[in-house]
Structure formats: structure tokens, C-alpha cells
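Per-entry structural report
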Amino acid sequence: MADVRLSKLHRLNGETTVPGDKSISHRAAMFAAIGDGVSTIKNYSSAIDCQTTLDCMRSLGADIRRSGQDIHVHGRGLRTLSEPDDVLNCGNSGTTMRLLCGLLAGQHFSTVLTGDASLRRRPMDRIIKPLVGNGAEIYGRQSNRLAPLFIRGKSLTDVIYELPVASSQVKSAVLLAGLYADGNVQVTEPVASRDHTERMLAYCGVDIHRSGNVISLGKIRQLAAHDFQVPGDISSAAFLIALGLLVPGSHLRLKDVGINPTRTGLLTMLEKMGADLRIDNERPVSNEPVGDIVVQNAKLRAVEIGGTLIPKLIDELPLVAVIATQAEGRTIVKDALELRIKESDRIAAIVGELKKMGASIEESDDGFIVDGPTPLHAAVCKSYDDHRIAMALSVAAWIADGESTIQDADCVGISFPEFYDIAHNL
Ligand code: S3P
């Protein structure tokens, strides 16, 4: 695995786009495969995770062709898919595995899903329980908690579930299973999580409604073919936004980025910290809000965050720790226990590595506490093979004195293969 060596940046300037949104790309590929007719997906994510989803869908018999940047998917309706002749490997991608569980629960065939070492350690009972509770048949290792998973497709009647924790992957899996059910379908979430599934199903003509935190499907459950333009990934843009804010003299424009309000928690937080941010050219694209994010270097003050904001910036929290080291005062992040069960234990990982760089940061059970500002210094840091830890530490290295090493940094390809090239060009 490749290490990278990074040292202080002095000024970033210019404009760029970022690759297509990872969450939205997974959904676009799955939904197009079970749509009625030919769908075109533009700006499909270059993330390895999203290639994994395409590979799994092909193994399930989906007809997916690439032409340049566009992907054409020939769907034949909800019953398009067929039994794969081998195990499906979901790699590092939790979204692929969890959404596929929902998609496959109501099919007329069986499937086995596995993943890499990290994915095989992540909790799958959160998916198995709601689906099995509604009549599906899914088994996993260690008392049905871990992958590999075996799914014996079965016909489903009612699919009704109340989520104990906010998770868009669980919500989406339940809704996907619901497409194949012939009874009532209703999901209740404790706090709003990212709503790309709901938006995309509505865009494809599915009868879907939200009332408060309850989402239900009506009678129309087949998907029309669609042309879909995937917005730039705000979770990738986040690392560039942080560089724009933290590197003196910087001024950046990030074009055509998805600014769905269930994903913009980082922007809300940064505004509270006194960041100089602006959104231009805001418009809807394929039922998702999109805009250009303009950012420049600014002095930041500490904030306290928790509660309903957390699901809106869950993937950005390792980066929040880095930003907080440069803000005046004590930053407190709480209610983020979910961070411990991502691709790595992201609380332990970011706190341990930032300490090596001189940050004043401590773990709490469900978050971390940072006192700033502190100058960071070079260190040899572990990525834990976690793409977002590698990128957050890279931002830290670019504002630190001396030359840092980020070990096994090629894991950034999981979500943002162009990360180092784009930062370099800016
Ligand atoms: C995702 C949902 C979130 C997020 C993950 C992608 C999705 O996970 O952290 O990176 O695409 O639905 P949870 O559903 O576990 O919160």
C-alpha cells in the first residue's frame, strides 16, 4: 500500500468540480437496474465503492454499459434481477451491502454477500432485524450480526419498521424491500437522515410520502427509467472546503456540488464558527439541490455540536476534528456514537493520530473535545485503511510544520480517487 508525504501548503486558488456523489451513485445504479427501460446516469462517482455496486448489479444480471462518463442501464422492471452464480463481494462498501440486503430480500432467488475485513466487522444486525422482522430470511455469522450474509429471497407482505438510530442505509434497505412487498410499507426514523432514496424514488415515479418522520410507500411501486445527473459529492468537497478555510490566502470555488439539506451539516457548523462561505448558482438537478460553494480563508471560533445536526455531517466528523484544532476555544462534538462503527472506529483513529501532530484533543464516549488553536507539527500517521481518516489527516498535514507521512493513503480511492490530484492542481 502506498504512503504519501505531505508538507505545508501556502495558498490554494481556483475552481474545480468534485466527482459525483457516492451515496447518490449507489442508489442511481440500483434503481436504474430495476427501472422500466433505459436509464442514463451522468457524472457517476469514480469511487471504488461505486464501482463495487456496478459489479454486484452486473452479477445480478443487470445490463449496465459505460460510454465515456455516462452509464446506460437497461432495466426490465422490478423483476429484472436473477440469481448470481457466485458470492457477491461488496468490498469496503457498507452502503452496497446494506442496500442490497433490502433489494434482495424480496427476490425469487438466493444470494450470498461478503466484503473486505473491515466490512465483515461492521454490524449487519441493524439490517437483518428489520427485514427478518417483516418476513425476510437472512442469516449471518455470529448470531446473525456479521457478514458473510445469506439471503433466501421470499415474498413479503407488510414492511413496517421504526429505526432505533438515524441511518439512511437502514431506512433505504427497508424501503427497497418495500418495493417488492404487496402490503403496507412504512418506515419511521428518529431524526431525519439523508433522504436521497426518497427523492430518487419520487423522481422515478414511485408513490412515496413523508409525514413528519414517517415515510410510506403508496400503490405505485415500479420505477420508470430516468436520466439522472449525479451532483458533486459534498463529502468529498468538504476536504477542499477545509483547505480553503485553513490555508492562508486561499480562495476556492467548488462547482456543481450537491447541497441537499440532509447533507450540509458541515456548512451549518462552519457558518457558526465564523467561516467565510457562500453558495452561488443554486438550482435543482434530478430532484436534488445543487450549487457552487465559494470559500476563503477565515479565522474560526469553537462550537458545540450534537443532536439532529450529527446525521447531516456524520461522514465529515473526522475532518471537523482537524478544523477544530485551528478554532479559538473548546469545540465539543457529542451524540456521534455511530462514528465508532464506520470503516474504522473514527473517534479513536482521528483523536490518536491528531495527538501525534500536537493537537489538544480527547475522546469522549460519543465524540471528542478539542481545544484550539494549536499549531500542528509533522508526524507519521496511520490511515487505518479508512478513506476519510486518510483525507482528514492529509488536510492536517497540509497545515502542519514539516513533512508528514500518511500511511496506506491509497484508500482515499474508496470515495475520492482524484483527491491528491485535485488538491495539487489547486
Ligand atoms: C450512507 C449513510 C450513512 C453514511 C454513509 C453513506 C448512505 O451511513 O455514513 O457513508 O449512502 O446511505 P448510516 O446509514 O450508517 O448512517
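Residues numbered from 1 in each chain as written. Predicted model: local features only at pLDDT ≥ 70, side-chain atom pairs only at ≥ 80, totals over all residues. Heavy atoms only, no water.

**So, the overall build of the chain**
- Looking only at helices and strands, one finds 13 helices and 24 strands in the chain.
- Against the compact-globule benchmark of 22 Å for 426 residues, the chain has a radius of gyration of 21 Å, which places it among compact chains.
- Based on the C-alpha atoms only, the size of the chain along its principal axes is roughly 60 × 45 × 40 Å.
- Element-wise, carbon and sulfur atoms account for 48% of the exposed surface of the chain, whose accessible area totals about 15,600 Å².
- Of the charged side chains in the chain, 45 are positive and 52 negative, and the gap between their average positions amounts to 2 Å. (Helix = DSSP H or I, 4+ residues; strand = E, 2+ residues; numbered from the N terminus. Rg over C-alpha atoms; globule rule 2.2 N^0.38 Å. Areas by Shrake-Rupley, 256 points an atom, 1.4 Å probe, with all protein chains shown as cover. Lys, Arg positive; Asp, Glu negative; His and termini not counted. Charge placed at Lys NZ, Arg CZ, Asp CG, Glu CD.)

**Re the packing of aromatic side chains**
- Taken as a whole and assessed by the stated rule, the structure comprises seven aromatic pairs.
- When the centroid spacing of 5.6 Å and the interplanar angle of 55 degrees are considered together, the rings of Phe416 and Phe419 count as tilted.
- Looking at Phe416, the relative accessible area reads 0%, which means it is buried.
- With a relative accessible area of 0%, Phe419 lands in the buried category. (Phe/Tyr/Trp six-rings, centres within 6.5 Å; stacked < 30°, edge-to-face > 60°. Buried < 20%, exposed > 50% of the residue type's maximum accessible area, 1.4 Å probe, protein only.)

**Quick word on the domain arrangement of the chain**
- Along its sequence, the chain is carved into domain 1 (4–19 + 231–425) and domain 2 (22–218).
- Between the C-alpha centres of domain 1 and domain 2 there is a distance of 28 Å.
- On the domain 2 side, the residues contacting the 28 residues of domain 1 number 24 residues.
- Between domain 1 and domain 2, the buried area comes to about 2,300 Å², and carbon and sulfur atoms account for 49% of it.
- Broken down residue by residue, the surface that domain 1 buries against domain 2 is led by Asn287, Glu343 and Ile414, which jointly contribute 23%.
- The tally of links from domain 1 across to domain 2 stands at three salt bridges.
- In this structure, Arg194 and Asp315 form a salt bridge, with 3.1 Å as the shortest nitrogen-oxygen distance.
- At the junction of domain 1 with domain 2, the criterion picks out 14 residue pairs in polar contact (both at pLDDT 80 or more). (Domains from an automatic or database assignment. Contact = heavy atoms within 4.5 Å. Buried area = accessible area lost by both parts, 1.4 Å probe. Salt bridge = Lys/Arg side-chain N within 4 Å of Asp/Glu carboxyl O. Polar contact = N/O pair within 3.5 Å; in protein donor to acceptor, adjacent residues only side chain to side chain.)

**Examining the environment of Thr405**
- Within the secondary structure, Thr405 is located in strand E24 (residues 403–406).
- Each C-alpha atom, one on Thr405 and one on Lys382, is 8.4 Å from the other, the two residues being 23 residues apart in sequence.
- Among all residues touching Thr405, those that are not within four sequence positions of it are Asp3, Val4, Arg5, Ala379, Val380 and Cys381.

**Some details on the sheet that holds strand E19 (residues 304–305)**
- Ordered in space as E19-E20-E22-E21, the four strands form an open sheet in which the pairing is mixed. With one partner strand each, in any of the chains shown, E19 and strand E21 (360–364) form the two edges of the open sheet.
- Where E21 lies against strand E22 (residues 367–372), five bridges are found, and the strand directions are antiparallel. In the strand pairing of E22, Ser364 is matched with Gly367. (Pairing = 2+ DSSP bridges.)

**As for the environment of Arg145**
- For Arg145, the position within the fold is in the loop between helix H5 (141–144) and strand E9 (146–152).
- Separated by 21 residues in the primary sequence, Arg145 and Met124 place their C-alpha atoms 5.2 Å from one another.
- Ignoring sequence-local partners within four residues, the contact set of Arg145 consists of Arg122, Pro123, Met124 and Asp125.

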